[in-house]
Amino acid sequence: MKKILVIALAFIALSLCSCQKGKITEEMAYEGVNNYCHSEYDWSVVEDEQKSQSFDPSIMYVKMGEETESEYQVIFRSYTGAFVYFYVDKASGKTRMVEVVPNLDVENEIGTIDLFEYLGKKE
C-alpha cells in the first residue's frame, strides 16, 4: 500500500512540475514579451510623448503578430523605427529574437530569452 501511495505522490508531483512549463498561451506570450520590453528598452520617449497633445501611440508598442502551430510572434516597435520580432515556442517558452531595421534593410538574430523569466513581473 505504501508503495502505491509513494508512486501516486511521485506521479502527482511530476504532473504539477510539468504543468508549470506546459503549453504557452497567447496571453502568456504577450505578457512575457511585454515585460521583457519594458525592462530592457527605454520607454521614456513614450512617457514624455503621452504628456503632449500630439501623442502618437504607434511611436512604440508591443503587439501580437502571426501565429503558427508551434510559435507565437510578438512584435516590439521602437521609437527609432526598428522592430524586434519575438518568436515564442508554444511548448518550451524559449523565445528567439530577430531585429529588423526597415530603413537600413537590416535583419539580425539578436538572441533568445526564456519567457518564464518574464512572466508575472510588473512593468
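To start, this report covers the structure provided alongside it. (Residues numbered from 1 in each chain as written. Predicted model: local features only at pLDDT ≥ 70, side-chain atom pairs only at ≥ 80, totals over all residues. Heavy atoms only, no water.)

**Describing the overall build of the chain**
Part 1 of the reasoning: Looking only at helices and strands, the chain has three helices and five strands in total.
Part 2 of the reasoning: Reading the chain from its N end, one meets helices and strands in the order α-α-α-β-β-β-β-β.
Part 3 of the reasoning: Buried residues in the chain amount to 30% of all 123 residues.
Part 4 of the reasoning: Put simply, of all contacts in the chain between residues at least 6 apart along the chain, 37% involve residues at least 24 apart.
Part 5 of the reasoning: As displayed, the chain offers around 8300 Å² of accessible surface, 55% of which is attributable to carbon and sulfur atoms. (Helix = DSSP H or I, 4+ residues; strand = E, 2+ residues; numbered from the N terminus. Buried < 20%, exposed > 50% of the residue type's maximum accessible area, 1.4 Å probe, protein only. Contact = heavy atoms within 4.5 Å. Areas by Shrake-Rupley, 256 points an atom, 1.4 Å probe, with all protein chains shown as cover.)

**Thoughts on the side chain of T95**
Part 1 of the reasoning: Among the structural elements, T95 can be located in strand 4 (residues 94–101).
Part 2 of the reasoning: The residues contacting T95, other than those within four sequence positions of it, are F86, Y87, V88, G111, T112, I113 and L115.

**Digging into the sheet that holds strand 3 (residues 83–89)**
Part 1 of the reasoning: Strand order in the open sheet formed by five strands is 1-2-3-4-5, with antiparallel pairing between adjacent strands. Looking at the sheet topology across the chains shown, the edges are occupied by strand 1 (61–67) and strand 5 (106–114). Between one strand axis and the next, the sheet turns through 25° on average, direction left out of account.
Part 2 of the reasoning: The pairing of strand 3 with strand 4 spans six bridges and is antiparallel. Directly across from Y85, in strand 4, lies its bridge partner V98.
Part 3 of the reasoning: Along the sheet, helix 2 (residues 26–40) makes contact with strand 1, strand 2 (71–77), strand 3, strand 4 and strand 5, crossing strand 1 at roughly 145°. (Pairing = 2+ DSSP bridges. Axes fitted to C-alpha atoms, helices over the stretch in contact; angles between N-to-C directions.)

**A look at the pattern of salt bridges**
Part 1 of the reasoning: Inspection of the entire model under this criterion finds two salt bridges.
Part 2 of the reasoning: Where E67 meets K90, a salt bridge forms, and the shortest distance between an N and an O atom there is 2.6 Å. Here E67 is found in strand 1, whereas its partner K90 is found in the loop between strand 3 and strand 4, with 23 residues between them in sequence.
Part 3 of the reasoning: E67 sits in the partly exposed class, given a relative accessible area of 47%.
Part 4 of the reasoning: Classification of K90 as buried rests on a relative accessible area of 10%.
Part 5 of the reasoning: With its nearest N and O atoms 2.9 Å apart, the salt bridge here joins R96 to E109. Of the two residues, R96 sits in strand 4 while E109 sits in strand 5, which places them 13 residues apart along the sequence.
Part 6 of the reasoning: Judged by relative accessible area, R96 falls into the partly exposed class, the value being 30%. (Salt bridge = Lys/Arg side-chain N within 4 Å of Asp/Glu carboxyl O.)

**Structural notes on the nonpolar core**
Part 1 of the reasoning: Membership of the largest hydrophobic core comes to 21 residues, with the highest contact counts inside it found for V33, C37, F76, F86 and V88.
Part 2 of the reasoning: Listed by contribution, the elements that provide at least two residues to this core are helix 2, strand 2 and strand 3.
Part 3 of the reasoning: The leading source of residues in this core is helix 2, at four residues.
Part 4 of the reasoning: Residue contacts for V33: discarding those within four places in its chain leaves V62, V74, F86, V88 and L115. (Core = buried A, V, L, I, M, F, W, Y, C linked by side-chain atoms within 4.5 Å.)

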